[in-house]
Amino acid sequence: MSTGPLVKTKPAEKADEFAPQEGLFSERNLRRASPYLFTLFLFVVWELGCLAFDVAEYVLPRPTQFFEILLTRAPDLWGHSVQTLYTTVLGFALGVVTGVIIGIAVGSSKLVYAAAYPLLVGFNSIPKVAIVPILVIWFGIGTVPAVITSLVISLFPVVANVATGLATTQAELEDILRALGASKWDTLVHVGLPSSLPYFFASLKISISLAFVGTVVSETIAANTGIGSMMIVASSNFDVPLVFAGLVILAVMGVALYAVFAVLEQRMTFWAQTRPDEMG
Amino acid sequence: MDAEAQSNSHLIDIDDVSLRYGVGEGSTLALAGTSFQVSEGEFISLVGPSGCGKSTIVKLVSGLMPVTGGRLTVDGQPVTGPLSIVGIAFQNPVMLPWLSTLDNVLLPLKIVRPHRDHFRQRKEEFRDRARALLKVVGLDGFEQKFPWQLSGGMRQRASLCRALIHEPRLLLLDEPFASLDAFTREELWGVLQDLWLEKKPTIIMITHELREAVYLSDKVYVMSARPGRILYERDVRFDRPRPLEITFDDAFVEVAQDLRQYIQLGRNETSAEAGP
Ligand SMILES: Nc1ncnc2c1ncn2[C@@H]1O[C@H](COP(=O)(O)OP(=O)(O)OP(=O)(O)O)[C@@H](O)[C@H]1O
Ligand SMILES: [Mg+2]
C-alpha cells in the first residue's frame, strides 16, 4: 500500500509468532499489561514524591487526593462528563460526515484537488480557539459553539486523508474496473472508497482526539456545563484537586474513544495491515 | 489476399496506429505504424522483444488509452473508451486486496451488463460458476483466501478467471501464464484451448514463449523492437484440438524456429524513428 501523510505504519510484531506461550507471565501478557503497570508506577512515584517533598495541595495535589474527589463528587462530575462526551461525539460525527463528503469531492477530481487543497491547509492552520468568540457572537454560549468547534476541528484530518486516499488510488486497481466499462461512480464505489479506508480510519483516530480538544476549549471559554467549564470554575476557586480530577476524566475518555477507533480500524482494514501471521 | 473482402468481418482493425507516452522531451514512442486485423473468433498471439509495445496494444484495444495516431476500430466502431465485450488478464495480476479470491473473480459480473442487473437474484449461480472456474485452474480451496495469501502464480490464475467469468467476446491475455511452472502452464494451455473451442471468443494473447504461441494460436505476429510494429505474421494451421505432443513434431518445431529467426531480427532492428 502506498503511504500518505497521516497514515499509520504499524511495525510487524516480530517476536509474537515465535515467543513461547507460557502461562500468566509470558512475554506477551507482560507486554499487554505494561501500559497499565507503567501508568500505575507513575502515579505511585507522583504520590511518593509529593509526600517526600511535602508539596501543598493547591500546587500539585497527590493522586490519592484527586481520586478521592472523583469518588466523592461523582454525581456532579458525571453530569459534566456526559455533557462533554455528548458534545464531542456529536461534533465529531458531524465533522466526519461533512469531512467525508468534502474529501470525496476534493479527492475524486484533480481540478478540485488542485483548487481546494491549499485553501484547506490554510484554513486548518488557523488556531481553532480563535473562532470560538465568533461562534459565541453567532450562537451564544453553551452546547452549540462547543459542538461546532469540535466539528470544525475534527473536519480537516478527515478531508485531507479521504482526499489523499482517493487521489493516490493505484491506477492499476482502477484499471481493473475501468477496463470493464465501469462508470466513474462504480470505480469510486468499488475501488476508490475501499482503498481509501485505511486513510479514513487513520484520520478518525486523530479527529476524535482533536474533537475533544475542540469541545474542552470551547467549554472553557463559553459554557456553564461540561468538564472544561467545571475546570475553569474549580481553578478560580483554587480547588486544584478538582481540576486534576477533570484532567483524569478527560484523559480516560480520550484514551477510551481512541481505543474504540483503533479497534474499528483494525477490523475494517485488516487487509492493509502488515501481518506477521495469517489472519484466521 | 482476400483481406479486402474480409474487412467487414474483422472484429479488430488496427490501422497504422502509433502511440506516444508523454509529450515533448522525455516522451516515449511505444508504437509506430502498427497494423494488423483480427477476425471474430480468431486466436492470435503477439510476440516480440521486451518493451516493444505489446502491453501497450492491449491497453489501446481495451480502450484504456486513446491512440496517438492512426485508426483503431473494434466491432466496426472507433474505440473511444473501454468496452464491456472485453475481458483482460493484465500482465501484472493485481487483485483488489479487500476482496476474497472468489469476490475478485465475481467482480466483472457486478459491473458488466446484463449480469449486474440480476447479480442479486443469481448470486448462487454466479458463485458456482466462479468456483468452477477456480477449480479448473487449480485454485479450489482458495476461494475465501485474500490476494495477499496467494502466491504470484496463483494470483495470475485468479486474474485469468476474472477475465473469463463474464464470457467476454474479446479476450486480451497479457502473458497469462508467465509465472507458472512448465506443467501447470501446459495444463492451462489445454484449458484455454478447450474454452476457446467451446465458446469461440476472439483472443489476443501476448507471450514470450514461442511454443505457447504456436500451440494455441491460429496466427502469430512478431513485433519489432520499440517503437513496435508488425514485422512478420505466420499462420499456424494444425488441426484442433491440438494434443500437447504436437509441440514435438517437426512441423511444429519448424514454425517455432521460423518465428524465432524473426524475433532475433526484430531485436536487432532499430527503426529510424526510434528515439528516447
Ligand atoms: N505508462 C507509461 N509511461 C511511459 N512509458 C511507458 C508506459 N508504459 C510503457 N511505456 C514504455 O512503452 C514501451 C512499451 O511498453 P510495453 O509495456 O507495451 O512493452 P511490452 O512489449 O509489453 O514489454 P514486456 O514484454 O516487457 O511486457 C516501453 O519502452 C516502455 O518504456
Ligand atoms: Mg508487457
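Now for a quick tour of the structure.

About the cut-offs
Counting of residues starts from 1 at the beginning of each chain's written sequence and follows it residue by residue. For naming, the first written chain is A and the first written ligand is 1, with later ones following in the order written. At least 70 in pLDDT is required for a residue's local features to be given in this predicted model, at least 80 for side-chain atom pairs to be given and counted, and no such filter applies to totals for whole chains, interfaces and linings, which use all residues. The basis for every side-chain value is the complete set of heavy atoms in the structure, and neither hydrogens nor water enter the calculation. Think of it this way: any DSSP run of H or I at least four residues long counts as a helix, any run of E at least two long counts as a strand, and we number them from the N terminus. For every residue, the accessible area (1.4 Å probe, protein chains only) is compared with the maximum for its type, and the residue is labelled buried under 20%, exposed over 50%, or partly exposed between those bounds. Residues count as neighbours in contact if any of their non-hydrogen atoms are within 4.5 Å of one another. Methods summary: accessible areas were calculated by the Shrake-Rupley approach with a probe of 1.4 Å, and residue burial reflects only the protein chains presented. Pairing between strands is defined by DSSP: at least two bridges between them are needed. Angles here are taken between N-to-C directions and fall from 0 to 180 degrees, while the axes themselves are lines fitted to C-alpha atoms, restricted in helices to the stretch in contact. In this text, near means that some heavy atom of the residue lies within 4 Å of the molecule or strand in question. A 3.5 Å cut-off defines polar contacts: any pair of N or O atoms within that distance qualifies, except that in protein one atom must be a possible hydrogen donor and the other a possible acceptor, and neighbouring residues in sequence count only when both atoms are side-chain atoms. Only Asp, Glu, Lys and Arg are considered charged, only Ala, Val, Leu, Ile, Met, Phe, Trp, Tyr, Cys and Pro nonpolar, and every remaining residue, Gly among them, polar. For Na, K and Ca the donor cut-off is 3.2 Å, while for other metals it is 2.8 Å, and in both cases only N, O and S atoms qualify; water is not among them, so sites may look incomplete. Residues enter patches when they are more than 30% accessible in relative terms and free of salt bridges; like-charged ones are connected within 9 Å and nonpolar ones (Val, Leu, Ile, Met, Phe, Trp, Tyr) within 5 Å. We count a salt bridge whenever a side-chain nitrogen from Lys or Arg sits within 4 Å of a carboxyl oxygen from Asp or Glu. In what follows, roughly perpendicular refers to angles from 65 to 115 degrees, roughly parallel to angles under 35, roughly antiparallel to angles over 145, and oblique to any angle outside these ranges. We call a crossing left-handed when the near helix sits turned anticlockwise from the far one by less than a right angle, and right-handed when that turn is clockwise. Throughout, nonpolar core names a set of buried Ala, Val, Leu, Ile, Met, Phe, Trp, Tyr and Cys residues whose side chains join them through atoms within 4.5 Å. The term buried area denotes the loss of accessible surface (1.4 Å probe radius) that occurs when two parts are joined, taken as the sum for both partners. For Phe, Tyr and Trp, where Trp contributes only its six-membered ring, two rings pair if their centres lie within 6.5 Å, and the inter-plane angle classes them as stacked under 30 degrees, edge-to-face over 60, or tilted in between. Lysine and arginine charges are scored as sitting over a ring when NZ or CZ, respectively, is within 6 Å of the ring centre and within 35 degrees of the ring normal.

### Describing the overall build of chain A
Thought 1: When its secondary structure is counted, chain A shows 10 helices and zero strands.
Thought 2: Counted from the first residue to the last, chain A has its helices and strands arranged as α-α-α-α-α-α-α-α-α-α.
Thought 3: Here chain A, with 280 residues, has 41% of them falling under the buried criterion.
Thought 4: At a minimum sequence separation of 6, the contacts of chain A that also span at least 24 residues come to 75%.
Thought 5: By element, 72% of the accessible surface of chain A is carried by carbon and sulfur atoms, the whole surface being about 15200 Å².

### Side note on the sheet that holds strand β4 (residues 69-74) of chain B
All names here are of chain B.
Thought 1: If you trace the four strands from one edge of the open sheet to the other, you get β2-β1-β4-β5, paired in antiparallel fashion. Each of the sheet's edge strands pairs with one partner strand only, and the pair in question is β2 (28-39) and β5 (77-78).
Thought 2: The sheet contacts of helix α2 (residues 54-61) involve β1 (10-21), β2 and β4, and relative to β1 the element is tilted by about 120°.

### Examining the site of ligand 1
Residue and element names in this part refer to chain B.
Thought 1: As a structural note, the neighbourhood of ligand 1 is formed by 13 residues, with Ser-50, Lys-54, Ser-55, Thr-56 and Gln-91 the closest of them.
Thought 2: Cys-52 is positioned such that a nitrogen or oxygen atom in its backbone is 3.2 Å from an oxygen atom of ligand 1.
Thought 3: Separating an oxygen atom of ligand 1 from a side-chain N or O atom of Thr-56 is a distance of 2.5 Å.
Thought 4: Starting from 630 Å² of accessible surface for ligand 1 in isolation, the protein chains cover 66%.
Thought 5: Residue composition of the shell around ligand 1, grouped by class: three nonpolar, seven polar and three charged.

### Digging into the coordination of the magnesium ion (ligand 2)
All names here are of chain B.
Thought 1: Around the magnesium ion (ligand 2), the protein contributes the donor atoms Ser-55 (OG) and Gln-91 (OE1), which lie 1.9 to 2.1 Å from the metal centre. With Ser-55 in helix α2 and Gln-91 in the loop between β6 (86-89) and α3 (101-111), this pair connects stretches of sequence that are 36 residues apart.
Thought 2: Taking the relative accessible area as the measure of exposure, Gln-91 reaches 38% and is therefore partly exposed.

### Quick notes on a nonpolar patch on the surface
Thought 1: There is a patch of nonpolar side chains on the surface, built from A:Phe53, A:Val55, A:Tyr58, A:Val59 and A:Leu60 and spanning about 530 Å² of accessible area.
Thought 2: Residue placement: A:Leu60 occurs in the loop between α1 (27-53) and α2 (63-72).

### A word on the pattern of salt bridges
Thought 1: Applying the stated criterion across every chain yields a total of 22 salt bridges over all chains.
Thought 2: In this structure, the salt-bridge partner of A:Glu265 is A:Lys205, at a minimum N-O distance of 2.9 Å. Here A:Lys205 lies in helix α8 (residues 184-222) and A:Glu265 lies in helix α10 (residues 240-268), a separation of 60 residues in the sequence.
Thought 3: Residues B:Glu167 and B:Lys199 are paired through a salt bridge, measuring 3.3 Å at the closest nitrogen-oxygen approach.

### Some points on the packing of helix α6 (residues 143-167) of chain A against α8(A)
Residues and elements named next belong to chain A.
Thought 1: The interhelical angle for the contact between α6 and α8, taken along N-to-C directions, is 155°, at an axis separation of 6 Å. Our classification of the angle between α6 and α8 gives roughly antiparallel. Here α6 and α8 pass one another in a crossing that is right-handed.
Thought 2: Per-class residue counts for the contact of α6 with α8 are 17 nonpolar, 13 polar and no charged.

### A few points about the nonpolar core
Thought 1: Counting residues in hydrophobic clusters, the biggest one holds 49 residues, and the most contacted among them are B:Leu173, B:Phe177, B:Leu192, B:Ile203, B:Met205, B:Leu216 and B:Leu259.
Thought 2: The dominant element in this core, judged by the number of residues it contributes, is helix α5 (residues 152-164) of chain B, at six residues.
Thought 3: Those residues within four positions of B:Leu173 in sequence are excluded, and the remaining contacts are B:Ala89, B:Leu160, B:Leu192, B:Ile203, B:Ile204, B:Met205 and B:Ile206.
Thought 4: Among the nonpolar cores identified, the runner-up in size contains 47 residues, and A:Val191, B:Val38, B:Leu46 and B:Ile204 belong to it.

### Description of the interface of chain A and chain B
Thought 1: Listed per partner, the contact involves 21 residues of chain A and 25 residues of chain B.
Thought 2: Of the roughly 2100 Å² buried between chain A and chain B on both sides combined, carbon and sulfur atoms contribute 71%.
Thought 3: Sorting the residues of chain A by area buried against chain B places A:Ile176, A:Ala179 and A:Leu180 first, and these three jointly supply 30% of that buried surface.
Thought 4: Our count for the chain A to chain B interface comes out at one salt bridge.

### Details of the pairing of strand β10 (residues 230-235) of chain B
Residues and elements named next belong to chain B.
Thought 1: Relative to β10, strand β9 (residues 219-223) is paired through five bridges, and the arrangement is antiparallel. Bridging across to β10, Lys-219 finds its partner in Asp-235.
Thought 2: Hairpin connection of β9 to β10: six residues between the antiparallel strands.

### Re unusual backbone geometry
All names here are of chain B.
Thought 1: The omega torsion of the bond from Arg-113 to Pro-114 falls at 5°, within 30 degrees of zero and hence cis.
Thought 2: Here the bond from Arg-240 into Pro-241 is cis, since omega is -10°, no more than 30 degrees from zero.
Thought 3: Positive phi values are uncommon outside glycine, yet Glu-167 reaches one of about 45°.
Thought 4: In this structure, Glu-167 sits in the loop between α5 and β7 (170-174).
Thought 5: Positive phi outside glycine occurs at Glu-175, with the angle close to 45°.
Thought 6: Mapped onto the elements, Glu-175 comes out in the loop between β7 and α6 (182-199).
Thought 7: Residue classification places Glu-175 among the buried positions, given a relative accessible area of 12%.

### Points about the environment of B:Arg127
Thought 1: Relative to the elements of secondary structure, B:Arg127 occurs in helix α4 (residues 123-136).
Thought 2: Along the chain, B:Arg127 and B:Leu102 lie 25 residues apart, while their C-alpha atoms are 7.6 Å from each other.

### Focus: the environment of B:Pro78
All names here are of chain B.
Thought 1: Its place among the elements puts Pro-78 in strand β5.
Thought 2: Taking C-alpha positions, Pro-78 is 32 Å from Phe-126, a pair spaced 48 residues apart along the chain.
Thought 3: Dropping the residues within four chain positions of it, Pro-78 is found in contact with Leu-72 and Thr-73.

### Comments concerning the packing of aromatic side chains
Thought 1: Counted according to the given criterion, the structure contains 21 aromatic pairs over all chains.
Thought 2: Residues A:Phe66 and A:Phe244 carry aromatic rings whose centres are separated by 5.6 Å and whose planes lie at 20° to one another, so their mutual orientation is stacked. With A:Phe66 in helix α2 and A:Phe244 in helix α10, this pair connects stretches of sequence that are 178 residues apart.
Thought 3: Linked through ring pairs, A:Phe43, A:Trp46, A:Phe66, A:Phe67 and A:Phe244 together constitute an aromatic cluster.
Thought 4: In this arrangement the basic side chain of B:Lys200 is found over the ring face of B:Trp196, its NZ or CZ atom lying 4.1 Å from the centre.

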